[in-house]
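Okay, here's what each chain looks like letter by letter:
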Amino acid sequence: MKIFTAQQIRACDAYTIKASNIRSSELMERAAGKCVNWLKDNLPKESLFVVLCGTGNNGGDGLAITRLLNQRGYGVKAFVLNFGREMSEDCKLNLQRLQALEKEIVSIVQPDTFITDIPPHIVIVDAILGTGLSRPIEGWVASFIHAINQLPNTKIAIDIPTGLTADLIPDAEAVIFRADHTLSFQFYKRSFLHAEAGRYIGKVQLLDIGLDKTFINGTPTQYTIADADTIQAIYKPRDRFGHKGSYGHALVVAGSYGKIGAAILSASAAIRSGAGLVTALIPKCGYMAMQSAVPEVMCRTSGEDDLEAIDGWEAIDAIGVGPGMGTNNKQTVAFSEFLDRYKKPLVVDADALNIIAKHPDLLAKLPKGSIITPHPKEFSRLFGDNTNSMIRLDHARIQAMRYNINIVMKGHYTVVVSAEGGCSYNMTGNAGMATAGSGDVLTGILTGLLAQGYDPHEAAVLGVYLHGLAGDIAAKDRSQESLIARDIIEYLGKAFLTLAG
């Protein structure tokens, strides 16, 4: 699924109007109808509505929604905020239609006037300002929104909450309508997928308003969502004539004294992700623990309490390195010498990333196509601080292209950044996965997929999706609060079954 900028969405609207030979007001009517259908299907039949409208096309949507709700027998009233801007033609048309239906159903709210007596059972619909917003709201409108936000009513935003922009992260002090649901037309706005803006949108409901497929398919974008169709195109079902040699040999380089659990989790995830063979390279202190915990995984050792060398990889198909490995001088030398010799794409996580952060020259040694998996703090240590998550992601695009690597930007909506600068947002996963060892599991999954012959970027997109899907299935059974990293591994099987239908 593509993510378009506000400008691209407006161009898509215009193309649809021309290609379909309809008026812009007809497209607005179509969008309003979809919103009313959603309200009818998802709210109690006896719901009452207050619709807050601006003077632009978002306000036109609100006025059309008001009229359609009234025609379907709902109690509804619209309030148009007069903040000094000229009313758009479609907004003006829908105001006239509404007044012709029933004059008392709409009121004009003059500057410095507030609505503070809305009973709590009435649903508030926000159609004040849409995607055309180019600067923070201020003055009376900001105060009006702030007052509305204090009310306990259910709140629904049309297309985008007032005060939020589609393509930028708002300032911390920005005043934004805080919605319980956002009814977005056709596409996710990019800002919806970043935490700083996501707290204002509630649950996003995508409404298909029939925008032209030719425009959508033919318009390029660097930002996409890894939806079910994307994943099905990547996923390779098992060959019924395959054998363990058909699915690759993965090597997990991990662990140090006190952190052998990280190695066990990664190795377990690698074998559960479908790799034919998995070997764990760990220090001797973890040998018995690994052999006991994961008997399906072969084990080699280097050093007593810390890894001293990364070798024996000549017959290996894919390597994941870093979980619980430590960052002392022994591991640093071993990792650096390994990078001097190893030239195939690998998965780099955790302490391997921390070693690189201390020795930035190692970045240039990463093999082309490698996958690095930093969380925000690790990314900052590697590449410097950024003021918000969207700027950080754009910075990651630059670094991915510069070093010809894939960067998995871990977060609520993890983003896989390709070596060409494309960004694929992942929608699976939940807050219960914010738990120790979850990242080690992801490293194992990615390594196992890479060993099976998946392209590095596709392995990253598929692996992140499976990791989150397994966590979602586990959370339904065990709750987010009690979810632990081992649960993600245990539920990988159900995640694969979901892919297989």
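The notes below deal with the structure included here. Counting of residues starts from 1 at the beginning of each chain's written sequence and follows it residue by residue. Side-chain atom pairs in this predicted model are given and counted only at pLDDT of 80 or more, local residue features only at pLDDT of at least 70, and totals for whole chains, interfaces and linings cover all residues. Think of the side-chain values as coming from all heavy atoms in the structure, minus any hydrogens and water.

### Details of the pattern of salt bridges
Then, in step 1: Definition used for salt bridges: Asp or Glu carboxyl oxygen within 4 Å of a side-chain nitrogen of Lys or Arg. Following the criterion strictly, the structure yields 16 salt bridges and no others.
Then, in step 2: Put simply, Arg190 and Asp394 hold a salt bridge, and the shortest N to O gap is 3.0 Å. Of this pair, Arg190 sits in the loop between strand S6 (181-185) and helix H6 (195-198) while Asp394 sits in helix H14 (residues 389-403), placing them 204 residues apart in sequence.
Then, in step 3: For every residue, the accessible area (1.4 Å probe, protein chains only) is compared with the maximum for its type, and the residue is labelled buried under 20%, exposed over 50%, or partly exposed between those bounds. A residue is classified by how much of its surface remains accessible, and Asp394, at 28% relative accessible area, is partly exposed.
Then, in step 4: For the salt bridge of Asp477 with Lys494, the shortest nitrogen-to-oxygen distance reads 4.0 Å. Strands are runs of DSSP state E lasting at least 2 residues, helices are runs of H or I lasting at least 4, and numbering of each runs from the N terminus.

### Quick look at the sheet that holds strand S17 (residues 423-425)
Then, in step 1: Read across the sheet, 10 strands follow the order S8-S17-S16-S15-S14-S13-S12-S9-S10-S11 without closing on themselves; strand pairing throughout is mixed. The open sheet has two free edges, formed respectively by strand S8 (223-225) and strand S11 (298-301), since each of these has just one partner strand.
Then, in step 2: At least two DSSP bridges between two strands are needed for those strands to be called paired. The sheet contact formed by strand S16 (residues 415-417) and S17 spans three bridges and is antiparallel. Considered in S17, the bridge of Val417 is made with Cys423.

### Thoughts on helix H1 (residues 6-20)
Then, in step 1: Expected span, for any helix, means 1.5 Å times one less than how many residues it has. For H1, built from 15 residues, the straight-helix expectation of 21 Å at 1.5 Å per residue is met to within 8% by its first-to-last C-alpha distance of 21 Å.
Then, in step 2: Buried residues of H1: Ala6, Gln8, Ile9, Cys12, Thr16 and Ile17, and no others.
Then, in step 3: Whether two residues are in contact is decided by their heavy atoms: any pair within 4.5 Å suffices. In this fold, the buried residues of H1 make contact with helix H2 (24-42) and helix H7 (213-218).

### As for the environment of Cys423
Then, in step 1: Along the chain, the position of Cys423 falls in strand S17.
Then, in step 2: For Cys423, a relative accessible area of 2% puts it in the buried group.
Then, in step 3: Every residue in contact with Cys423, bar those within four places of it in the chain, is listed here: Gln222, Tyr223, Thr224, Leu393, Arg397, Val415, Val416 and Val417.

### So, the packing of aromatic side chains
Then, in step 1: The aromatic pairing rule takes the rings of Phe, Tyr and Trp, using the six-membered ring of Trp, and pairs them if the centres are within 6.5 Å, calling planes under 30 degrees apart stacked, those over 60 edge-to-face and the rest tilted. Counted by the stated rule, this structure contains 11 aromatic pairs.
Then, in step 2: For the pair Phe4 and Phe215, a centre-to-centre distance of 6.2 Å together with 80° between the ring planes defines the contact as edge-to-face. On the criterion of sequence distance, the pair formed by Phe4 in the segment before H1 and Phe215 in helix H7 is long-range, its members being 211 residues apart.
Then, in step 3: Ring geometry for Phe114 and Phe144: centres 6.4 Å apart, planes at 20°, overall stacked. Of this pair, Phe114 sits in the loop between strand S3 (106-109) and strand S4 (123-127) while Phe144 sits in helix H5 (residues 139-149), placing them 30 residues apart in sequence.
Then, in step 4: When its relative accessible area of 1% is taken as the criterion, Phe144 is described as buried.
Then, in step 5: Only when the NZ of Lys or the CZ of Arg is both within 6 Å of the ring centre and within 35 degrees of the ring normal is a charge said to sit over the ring. Above the ring of Tyr454, the side-chain terminus of Lys236 is found at 4.8 Å from the ring centroid.

Note that every value here comes from positions in space, so none of it alone points to a role or purpose.
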